[in-house]
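Given next are the chains, with one letter for each unit.
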Number of protein chains: 2
Amino acid sequence: MYDELEGKQVVQEDDAAIQQPIIRQMVVQLRAMDSYGTYDTWSDARVLDPLVLTKERRRAIPVVGDPDETTLSRVRAYYNAIAQMLERETGLLAVPVINISHEGFGRALILVGKLVALDKTLRDVHRFGFASLDALIAEAEKSLVQAAGMVSEHRAVAEL
Amino acid sequence: MYDELEGKQVVQEDDAAIQQPIIRQMVVQLRAMDSYGTYDTWSDARVLDPLVLTKERRRAIPVVGDPDETTLSRVRAYYNAIAQMLERETGLLAVPVINISHEGFGRALILVGKLVALDKTLRDVHRFGFASLDALIAEAEKSLVQAAGMVSEHRAVAEL
C-alpha cells in the first residue's frame, strides 16, 4: 500500500475537513468495515489518509489484477457515507449497490425505494481516491445534491 | 455437476417448452456466455438441463463455499433473458444488475432508466434452478409482468 510506499501521511491531523459531516460519516464507515481492528490505534487522519491520492501515490499503484479488498472497502465506505447522508436528507432508506468486475470497472448505485437516485460508472477502482479531503467533500456533495434532487423530483417512486 | 452426479438428462429433446420465447432467449444467453465452447456440440435441451433441479439433484448440490462460475452464469442468463423480454415489451433499455456475495446470497435488479423495474432477493444461489422448464417459464413470466407493470406505471422515471 501507499503507506509503505510513500511513508509520509498526507492528511494532516488538524485538517479542518475531518470535521465535515460527510468525512465524519466516512470515518464511521471505514472503521465499521475494519474487521481485523487494524484501525483501532489509528487517528481519523490516518484512516482517511489512503483516500487522498497525490500524483506520486497514484502513479505508484499498479493497475493489474483485481482491486484488493482494502481498496474495495474504501469505495463501499464512500458510497455508504453518501447513502447515509441521503437518508438523513430525504427521510427514506437509501441502499448502496456496488458492482465491481474483476478488472476494476463497475457501477455504484444508490437505490431509494424503486428509484435509482445515484448511478455512477466506476473505472480504475484500483486508484480510487481524491486529490484532497476537500476534493472528496466537493465530489460527494455534488452526488448528494444530484441524488436528493432525483428523490424530490420522483418522490412517489422513491417511496415505493 | 449434476450431469456427472446423476448422469441422466431430465429435459427431453422434444420438450415443447424449449420453443417458448423466454426459453429461446435463455438458450441464446447461455450460449453467449459459454466462452470455452463447451456447449458447441450440445443440444438446446442439454444446455438447459442443469437448470432443472429435481429433488435428487437439489439434494446432491453442496451449499458450501462460493457458487461456481457456471452456476452464476445461469443466474445471469436468466435475468438477462428477462431483461431482453422486458426491452421488447417496453421499447426501453433494460439493464440487469446481479450482485452476489460470497455465500450465495444477493440481489438481482433490472433497471430501466432510473427505475428499479425488478428487485429480487437471491438466496441459495448454489441451488439456482426450477422444478421444470414450465416452472421456469411461469416464474419468468411473473417477473416480466411485474416489471412491465412497474415500467408502465412509472414510465417517466423509466425514460430517464
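Not measured: the values here are computed from a predicted model.

Conventions and cut-offs
Residues numbered from 1 in each chain as written. Chains lettered and ligands numbered in written order. Predicted model: local features only at pLDDT ≥ 70, side-chain atom pairs only at ≥ 80, totals over all residues. Heavy atoms only, no water. Helix = DSSP H or I, 4+ residues; strand = E, 2+ residues; numbered from the N terminus. Rg over C-alpha atoms; globule rule 2.2 N^0.38 Å. Contact = heavy atoms within 4.5 Å. Areas by Shrake-Rupley, 256 points an atom, 1.4 Å probe, with all protein chains shown as cover. Buried area = accessible area lost by both parts, 1.4 Å probe. Salt bridge = Lys/Arg side-chain N within 4 Å of Asp/Glu carboxyl O. Polar contact = N/O pair within 3.5 Å; in protein donor to acceptor, adjacent residues only side chain to side chain. 1 Å grid on protein atoms, 1.4 Å probe; cavity = no way out; pocket = protein on both sides within 12 Å on 5 of 7 lines; lining within 4 Å. Points joined across faces, edges and corners; volume = space filled by probe spheres on them. Nonpolar A, V, L, I, M, F, W, Y, C, P; charged D, E, K, R; others polar. Pairing = 2+ DSSP bridges. Least-squares fit on C-alpha atoms with pLDDT ≥ 70 in both. Phe/Tyr/Trp six-rings, centres within 6.5 Å; stacked < 30°, edge-to-face > 60°. Buried < 20%, exposed > 50% of the residue type's maximum accessible area, 1.4 Å probe, protein only. Lys NZ or Arg CZ within 6 Å of the ring centre and 35° of its normal. Axes fitted to C-alpha atoms, helices over the stretch in contact; angles between N-to-C directions. Parallel < 35°, antiparallel > 145°, perpendicular 65-115°, else oblique. Left-handed = near helix turned anticlockwise from the far one by under 90°.

> Provide a residue-level description of the overall build of chain A, including the pertinent values.
Along the backbone of chain A there are seven helices and three strands. In terms of overall size, chain A behaves like a compact globule, its C-alpha atoms giving a radius of gyration of 16 Å where 160 residues would be expected to give roughly 15 Å. Seen through its C-alpha atoms, chain A measures out along the principal axes to roughly 50 × 35 × 30 Å. Of the contacts formed within chain A by residues at least 6 apart in sequence, a portion of 66% connects residues at least 24 apart. Here chain A displays about 8000 Å² of accessible surface, and carbon together with sulfur accounts for 51% of that area.

> I'd like a rundown of the interface of chain A and chain B, residues and numbers included.
If you look at the interface, chain A gives 15 residues, while chain B gives 15 residues. Here chain A packs against chain B, burying approximately 1300 Å² in sum over the two surfaces, 63% of which is carbon and sulfur. When the buried surface of chain A facing chain B is broken down by residue, A:Asn99, A:Lys114 and A:Val116 rank first, second and third, together holding 34% of it. Where chain A touches chain B, the interface holds two salt bridges. Taken together, the links from chain A to chain B amount to four residue pairs in polar contact (both at pLDDT 80 or more).

> With reference to specific residues and values, describe the layout of surface pockets.
A volume near 1200 Å³ is recorded for the largest pocket. What lines the largest pocket is a set of 34 residues, among which A:Asn99, A:Ile100, B:Ile98, B:Asn99 and B:Ile100 lie closest to the centre. Looking at the lining of the largest pocket, the elements that each hand over two or more residues are helix H5 (69–90), strand S1 (94–100) and strand S2 (106–112) of chain A together with helix H5 (69–90), strand S1 (94–100) and strand S2 (106–112) of chain B. Top contributing element to the lining of the largest pocket by residue count: S1(A), with six residues. When its residues are assigned to classes, the lining of the largest pocket shows 15 nonpolar, ten polar and nine charged.

> Describe the environment of A:Ser152, and please don't skip the residues or the numbers.
Tracing the chain through its elements places A:Ser152 in helix H6 (residues 133–153). Separated by 62 residues in sequence, A:Ser152 and A:Thr90 place their C-alpha atoms 8.0 Å apart.

> Tell me about the pairing of strand S3 (residues 115–122) of chain A, and name the residues and values.
All names here are of chain A. Pairing of S2 with S3 involves seven bridges; the strand directions are antiparallel. Each residue of the ladder has a partner; that of Ile 110, found in S3, is Leu 118. Hairpin connection from S2 to S3: two residues lie between these consecutive antiparallel strands, with Gly 113 at a positive phi of about 60 degrees.

> Describe the relation of the copies chain A and chain B, and please don't skip the residues or the numbers.
For the pair chain A and chain B, the superposition axis carries a translation of 0.0 Å, the fit reaches an RMSD of 0.0 Å, and the rotation angle comes to 180 degrees. Expressed as an axis order, the relation between the two copies is that of a two-fold axis. No C-alpha of chain A lies nearer the rotation axis than that of A:Leu115, which sits 2.6 Å from it. Both copies share a contact surface, since 100% of the interface residues of chain A are interface residues in chain B too.

> Outline the packing of aromatic side chains, supporting the account with residue identities and numerical values.
Aromatic ring pairs are reported here in terms of the distance separating the ring centres and the angle at which the planes meet. Across all of its chains, the model carries ten aromatic pairs over all chains by this definition. Between B:Tyr78 and B:Tyr79, the ring centres sit 4.9 Å apart and the planes meet at 85 degrees, which makes this aromatic pair edge-to-face. Here B:Tyr79 falls in the buried class, since its relative accessible area comes to 5%. Relative to B:Phe130, the ring of B:Tyr78 lies with its centre 5.1 Å away and its plane at 40 degrees, an arrangement referred to as tilted. You can see B:Tyr78 sitting in helix H5 and its partner B:Phe130 sitting in the loop between strand S3 (115–122) and helix H6 (133–153), a full 52 residues away along the chain. Of the two residues, B:Tyr78 and B:Phe130, both sit in the buried class. Taken together through their ring pairs, the aromatic side chains of A:Tyr78, A:Tyr79, A:Phe128 and A:Phe130 make up a single cluster. It is A:Arg46 that lies over the ring of A:Trp42; its NZ or CZ is 3.9 Å from the centre.

> So, the packing of helix H2 (residues 21–32) of chain B against H5(B): which residues are in play, and what are the values?
All names here are of chain B. The contact between H2 and H5 brings their axes to 8 Å, and the two run at 130 degrees. Considered as vectors, H2 and H5 are oriented oblique to each other. Pair H2 / H5 crosses with right-handed handedness. Contacts from Pro 21, Ile 22, Gln 25, Met 26, Gln 29 and Leu 30 of H2 reach H5 at Ser 73, Arg 74, Ala 77, Tyr 78, Asn 80, Ala 81, Ile 82, Gln 84, Met 85 and Arg 88. For the contact of H2 with H5, the class distribution of residues is nine nonpolar, five polar and two charged.

> Can you lay out the pairing of S1(A) for me, pointing to particular residues and giving the numbers?
Consecutive side chains of a regular strand alternate in pointing toward one face of the sheet and then the other. Residues and elements named next belong to chain A. Judged from the seven bridges that link them, S1 and S2 form a sheet pairing that is antiparallel. Bridged to Ile 98 within S2 is Ala 108. Between S1 and the antiparallel strand that follows it, S2, lie five residues; Gly 104 among them carries a positive phi value of about 90 degrees.

> Give me the lowdown on the environment of B:Lys8, citing residues and values where you can.
Residue and element names in this part refer to chain B. Along the chain, the position of Lys 8 falls in the loop between helix H1 (2–6) and H2. Looking at Lys 8, the relative accessible area reads 66%, which means it is exposed. Along the backbone, Lys 8 and Asp 49 are 41 residues apart, and their C-alpha atoms lie at a distance of 9.7 Å. Discounting residues that sit within four places of it in the chain, Lys 8 has contacts with Asp 49 and Arg 57.

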